[in-house]
Every structure is written in C-alpha cells, then in structure tokens.
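Spelled out, the chains give:
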Amino acid sequence: SIPLTESDAITGSPWAQQINGIQALVPMPGGLVVLTGDGAWQLSGANNAALTPIDQQATPQAYNGCDDRIMPLVINFDILYVQSKGSIVRDISYNFFSNIWTGADKTVLSSHLFNYHSIQSWAYAEEPYKVIWAVRDDGIMLSYTYLKEQNISAWARHDTNGLIYNVISITELPVDAVYAIVKRYIV
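We now turn to the structure provided with this report. (Residues numbered from 1 in each chain as written. Predicted model: local features only at pLDDT ≥ 70, side-chain atom pairs only at ≥ 80, totals over all residues. Heavy atoms only, no water.)

**Some words on the pairing of strand β1 (residues 22-28)**
Pairing between β1 and strand β2 (residues 31-36): six bridges, direction antiparallel. Paired with Met-28 across the bridge in β2 is Gly-31. Two successive antiparallel strands, β1 and β2, enclose a turn made up of two residues. (Pairing = 2+ DSSP bridges. Helix = DSSP H or I, 4+ residues; strand = E, 2+ residues; numbered from the N terminus.)

**Re the pairing of β2**
Among the six residues of β2, five are classified as buried, and the element is accordingly described as predominantly covered. Relative to strand β3 (residues 40-44), β2 is paired through four bridges, and the arrangement is antiparallel. Within β3, the position partnered with Leu-32 by the bridge is Leu-43. Once β2 ends, the chain turns through three residues before running back antiparallel as β3. (Buried < 20%, exposed > 50% of the residue type's maximum accessible area, 1.4 Å probe, protein only.)

**Points about unusual backbone geometry**
At the junction of Glu-127 and Pro-128, the peptide bond is cis and its omega measures out at 5° in the coordinates. Structurally, Pro-128 can be placed in the loop between β9 (119-125) and β10 (131-136). Looking along the chain, the bond that leaves Leu-173 and enters Pro-174 is cis, with omega of 10°. Along the polypeptide, Pro-174 turns up in the loop between β13 (162-172) and β14 (175-184). The phi dihedral of Asn-76 is positive, around 55°, even though this residue is not glycine. Tracing the sequence through the fold places Asn-76 in the loop between β5 (73-75) and β6 (78-82). For Asn-76, a relative accessible area of 52% gives the class exposed.

**Topic: the packing of aromatic side chains**
Going through the model one piece at a time under the given rule, you end up with five aromatic pairs. Where Tyr-94 meets Trp-101, the ring centres are 5.7 Å apart and the plane angle is 65°; that geometry is what we call edge-to-face. Under the relative-accessibility criterion, Trp-101 is labelled buried at 4%. Taking 4.8 Å as the distance between ring centres and 80° as the angle between the ring planes, the aromatic pair formed by Phe-114 and Trp-155 counts as edge-to-face. Pair noted here: Phe-114 is in the loop between β8 (100-105) and β9 and Trp-155 is in strand β12 (residues 152-158), with a separation of 41 residues, a long-range link. (Phe/Tyr/Trp six-rings, centres within 6.5 Å; stacked < 30°, edge-to-face > 60°.)

What follows is the structure in structure tokens.
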C-alpha cells in the first residue's frame, strides 16, 4: 500500500555491499538471525520492536557465510552451521559484552577430518549424549559432542562396511534415535 501499513508484506533493500542469497532464517530472542552466503545479520525492528514493513533494521554480525544445502542447528541459544564451502563448522552465539552475534570455528582442532572433504548432511541427537552426527562427501560418518556450558567439544570418525549417504535424528522417548541411509558392500 501507499503509504506502507503494518499489514503489508515485508520487503527491503539489500543490506550489504554485495548481494548474497539468504541461506537460513533463525528466530532468536534478540531478533531474526539471517545467515547468508557471505555472513550473518540480525534483523529486527528498530529499538528491539517487532519487525514490520515500516520498522526494520539489519545489523551485520559475522562475516562467515552459511552453506545453502545444510540447515543450521539450534542448540540452546547457539546456532551451529556449516560454512559456505562445506568443510568448516562454526557456532554463533550472542555475546553480551560486544552486543553482537559471534562465534568460532569448531573444526580447527580436528581439521584432518575435514581437509578436502565437505559435510553433506547432519542431525542433532540431544538425548542422551548431545551429539551431532555428520556425513562427509566420501560416505564417512563423523560425530561431534557439543556441551558448550561444560566447555566440552570433540569430533570422532566412524567407519563402516559401506558408504553413509544421509543421517537423521528422531525422538523416540526417552532418547533421540539416529538413523542413517547406508550403501553396504556385500562380498
């Protein structure tokens, strides 16, 4: 409508100096975290108000892009995502001291598991062990134990007689069951 009303569709101009596709939208308490191919933005209404067609504000947060094939995982108030080239896992969480969403490379201490490979799919199994299961492009399964509040995180490799294509976590009370699509080699 002219003039804009609160019930109109939300549209806006690109926020950055270059245009990148929106890979994921993650609602968080401070606003909507928008992960693009080249960075992260927080989208909210001005003065922490609701986002409306009239009132919107985008603030740059991080300059590490998000992969367009793998959806980010929200664990507590942290967002874990695969970086745009597919071989680095990053977390992003709100830092109250700097008033910005910031994070770190979670593969840096296990880079040998990711060199020349990319992650094809992943799933989070919260109960009982809080493990992220990831499938590499060569069919190898990786696991990542992530307990941020305890300062515990570690990657592990899992081999099988065959190739793993996909993984999913389904809640089957009282635990999360992990299922995988595996191509077996029968000899």
